[in-house]
Amino acid sequence: MTIPVALTIAGSDSSGGAGVQADLKTFAALGVYGASVITALTAQNTTGISGIHEVPADFITAQIDAVFGDLDVKAIKIGMLAQRGAIEAVVAGLSRWSPKHIVLDPVMVATSGDHLLARDAVASLRTSLIPRASLITPNLPEAAALLDEPIAESEAAIASQGRRLLAMGCRAVLIKGGHGHDSESIDYLVDGSGTIALAAPRIATRNTHGTGCSLSAAVAAGLAKGEGMEAAVRAAKAWISAAIAAADRLEVGHGDGPVHHFHGYY
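None of the values given here were measured: they were computed from a predicted structure.

1. Considering unusual backbone geometry
Part 1: Phi at A82 is positive, roughly 70 degrees, even though this residue is not glycine.
Part 2: For A82, the location among the structural elements is in the loop between strand 4 (73–78) and helix 3 (84–97).
Part 3: Given a relative accessible area of 6%, A82 falls into the buried group.

2. Section: empty space enclosed by the protein
To locate leftover empty space, one rolls a probe as large as a water molecule over the atoms.
Part 1: In this structure the tally under the stated criterion is one cavity of 30 Å³ or more.
Part 2: Approximately 40 Å³ is the volume found for the largest cavity.
Part 3: If you trace the largest cavity, you find it lined by G79, L81, D105, P106, V107, M108, L117 and L125.
Part 4: Among the residues making up the lining of the largest cavity, the classes are represented as six nonpolar, one polar and one charged.

3. Concerning a nonpolar patch on the surface
Part 1: A cluster of nonpolar side chains, namely M1, I3 and Y33, defines an oily patch on the protein surface of about 400 Å² accessible area.
Part 2: Tracing the backbone shows I3 in the segment before strand 1 (5–13).
Part 3: Given the relative accessible area of 35%, I3 is considered partly exposed.

4. Observations regarding the pairing of strand 4
Part 1: Burial runs high along strand 4: five of the six residues are buried.
Part 2: With four bridges joining them, strand 4 and strand 5 (residues 101–104) adopt parallel strand pairing. The residue bridging I76 from the neighbouring strand is I102, located in strand 5.

5. Let's talk about the packing of helix 3 against helix 4 (residues 122–129)
Part 1: For the pair helix 3 and helix 4, interaxial distance at closest approach is 9 Å and the crossing angle is 10 degrees. In terms of axis orientation, helix 3 runs roughly parallel to helix 4. Here R84, I87, V90, V91 and L94 of helix 3 come into contact with helix 4, specifically with S124, L125, S128 and L129.
Part 2: Its residues assigned to classes, the contact of helix 3 with helix 4 comprises six nonpolar, two polar and one charged.

6. Comments concerning the packing of aromatic side chains
Part 1: Tallied over the entire structure, the rule returns three aromatic pairs.
Part 2: Taken together, a centroid distance of 6.3 Å and an interplanar angle of 25 degrees make the contact between F262 and Y266 stacked.
Part 3: On the accessibility criterion, Y266 (57% relative accessible area) is exposed.
Part 4: What links up through ring pairs into an aromatic cluster is the set F262, Y265 and Y266.

7. Things to note about helix 5 (residues 140–147)
In an α-helix, one full turn covers 3.6 residues, which means residues spaced three or four apart are oriented alike.
Part 1: In terms of burial, helix 5 is largely enclosed, as six of its eight residues are buried.
Part 2: Where helix 5 is concerned, the buried positions are L140, E142, A143, A144, L146 and L147.
Part 3: Considering only its buried residues, helix 5 is in contact with helix 4, helix 6 (155–166) and strand 7 (172–175).
Part 4: Its side-chain oxygen 2.8 Å from the backbone nitrogen of E142, N139 forms the N-cap of helix 5.
Part 5: Backbone geometry just after helix 5 places D148 at a positive phi near 55 degrees.

Calculation notes
- Residues numbered from 1 in each chain as written.
- Predicted model: local features only at pLDDT ≥ 70, side-chain atom pairs only at ≥ 80, totals over all residues.
- Heavy atoms only, no water.
- Helix = DSSP H or I, 4+ residues; strand = E, 2+ residues; numbered from the N terminus.
- Buried < 20%, exposed > 50% of the residue type's maximum accessible area, 1.4 Å probe, protein only.
- 1 Å grid on protein atoms, 1.4 Å probe; cavity = no way out; pocket = protein on both sides within 12 Å on 5 of 7 lines; lining within 4 Å.
- Points joined across faces, edges and corners; volume = space filled by probe spheres on them.
- Nonpolar A, V, L, I, M, F, W, Y, C, P; charged D, E, K, R; others polar.
- Patch = residues over 30% accessible without salt bridge, like charges linked within 9 Å, V, L, I, M, F, W, Y side chains within 5 Å.
- Areas by Shrake-Rupley, 256 points an atom, 1.4 Å probe, with all protein chains shown as cover.
- Salt bridge = Lys/Arg side-chain N within 4 Å of Asp/Glu carboxyl O.
- Pairing = 2+ DSSP bridges.
- Axes fitted to C-alpha atoms, helices over the stretch in contact; angles between N-to-C directions.
- Parallel < 35°, antiparallel > 145°, perpendicular 65-115°, else oblique.
- Contact = heavy atoms within 4.5 Å.
- Phe/Tyr/Trp six-rings, centres within 6.5 Å; stacked < 30°, edge-to-face > 60°.
- Polar contact = N/O pair within 3.5 Å; in protein donor to acceptor, adjacent residues only side chain to side chain.

Function-wise, these values are silent; they only describe arrangement.
Take a look at the structure:
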C-alpha cells in the first residue's frame, strides 16, 4: 500500500490539542501519513500558554531537507512560525523543494489571546509566504490583521477582505467564521471564480482548542489524497464540525479542551 504523505510545519503544543500534535492526529484520522517540522516548542495546556521556545532557523531548514530528501510529500500545512527567521527558512525550503500544495494557516493569535507571531514577522508573512500558498486559512481577526483593517462584520465585508487577501498572491482564501456569534458558523472560500459560503450549525461547547490547526490540516490531507480544492475544503469543514460536536466526550483539561480528532473511531 502506498499512503499519501502530508507534512505539517508548525509549533508543538505540549498538551496535544493544537499545533503539530493536532495536525498529525488529523492526518491519521483522514488516512494520510503525517510528517512534521517543528518551528517552536510551547509550554501550554487548555488554559493558556506559559512559554515559547523558538527553534533556530538552521534547524528548521535541516528538518525540511530531511523530510523532503526522503519522503514523497503531496501537501504541506504551515502553522505557527513565531518569528521572521522561521518564515525565511520555510520560504527558502519551499523554493528548494517546490511542493504542489501549500495550505497556510496564518497563526497570529491563539484562542486564549496569546500572540504567536512577532509583529516584525507579519510583513514577511504577507510578502514572502502568502504568495506561495495554494490556500490561506485566516479566521476573522487574522484576516483583519493581515489587511490592517477592522474585523469584518458582514458577508459582503468578509468577501471583500477575502478578495484583497487573494490579491496578495495566494490561489485561494478560506476565511473562517468560528469567531462569529450567529447560529451558524460560516466559512467563506474565495478564489478567482468567486466566493462560496460554507455553513454549519454553531456548536455550543468551550472545547474548541486546535480547531483552526485541525481544519487547515484536514484540507491539506484532502489535497494530499488528490482532491480538488473545493472538495477538500468542503470535506474538511464537515469533518471539523463533527470533531467539535464530539469534543465534550473527551473531558480533557480544565480549560478549553481539544476537539475529538478520532470521533469516527471512538
